[in-house]
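# Residue-level structure breakdown
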Amino acid sequence: MKYYLRGEIAKISGINVETLRYYENNKLIPIPKRTSKGYRIKK
C-alpha cells in the first residue's frame with residue numbers, strides 16, 4: 001500500500017495544492033481514504 005500527502009498528489013497530477021484542497025472541500029472529487037495520520041491511501 002502506498003501513502004501520499006496532498007502536495008505529492010498535486011505534483012503528480014500537475015495542479016496546485018490549493019486547487020486540490022478546493023476540489024476536495026467542495027466535493028468535486030471523491031474524498032480519499034486516509035490513514036490515522038492523514039496520509040492518503042492509494043488502492
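Below, the structure is looked at part by part.

Reading the values: the criteria
Positions within a chain are numbered from 1, following the residues in the order the chain's sequence is written. The predicted nature of this model means local features are confined to residues of pLDDT at least 70 and side-chain atom pairs, given and counted, to a pLDDT of 80 or more, with totals for whole chains, interfaces and linings taken over all residues. Only hydrogens and water are set aside; all other atoms, that is, all heavy atoms of the structure, feed into the side-chain values. Criterion for a salt bridge: a side-chain nitrogen of Lys or Arg within 4 Å of a carboxyl oxygen of Asp or Glu. Here a helix means four or more residues in a row that DSSP labels H or I, a strand means two or more in a row labelled E, and each is numbered from the N terminus. Buried means the residue's accessible area, taken with a 1.4 Å probe over protein chains only, is under 20% of the maximum for its type, while exposed means over 50%, and partly exposed covers the values in between. Any pair of nitrogen or oxygen atoms within 3.5 Å is treated as a polar contact; in protein, a donor-acceptor pairing is required on top of that, and neighbouring residues in sequence qualify only through side-chain atoms on both sides. In what follows, residue pairs with any heavy atoms lying within 4.5 Å of each other are defined as contacts.

With that settled, consider the pattern of salt bridges. If you walk through the whole model with that rule in mind, you get four salt bridges. Here Arg34 and Glu24 are joined by a salt bridge, their closest N and O atoms 3.5 Å apart. Remark: Glu24 occurs in helix α2 (residues 17-25) and Arg34 occurs in the loop between α2 and β2 (40-42); sequence separation between them is ten residues. Close ionic contact of Arg40 with Glu24 constitutes a salt bridge, the shortest N to O distance being 3.0 Å. One end of the pair, Arg40, is in strand β2; the other, Glu24, is in helix α2, with 16 residues separating them in the sequence. Each of the two residues, Arg40 as well as Glu24, counts as buried.

What follows deals with α2. Of the residues that open α2, the one with a side-chain oxygen 2.7 Å from the backbone nitrogen of Glu18 is Asn16. Lys27 sits one or two positions beyond α2 and adopts a positive phi of about 55 degrees.

Positive phi, normally seen in glycine, also occurs at Lys27, with a value near 55 degrees. Relative to the elements of secondary structure, Lys27 occurs in the loop between α2 and β2. Residue Lys27 is classed as exposed on the basis of its relative accessible area, which comes to 69%.

Taking relative accessible area as the criterion, Arg40 reaches 6% and is therefore assigned buried. Polar contacts involving the side chain of Arg40 include one to the side chain of Glu24, which spans 3.0 Å. Contacts of Arg40, omitting those with residues within four sequence positions, involve Lys2, Tyr3, Tyr4, Leu5, Arg6, Ile9, Glu24, Pro32, Lys33 and Arg34.

Among the secondary structure elements, Lys37 is positioned in the loop between α2 and β2. Considered as a pair, Lys37 and Met1 are 36 residues apart in the sequence and their alpha carbons are 15 Å apart.

This is a description of form; function is not addressed.
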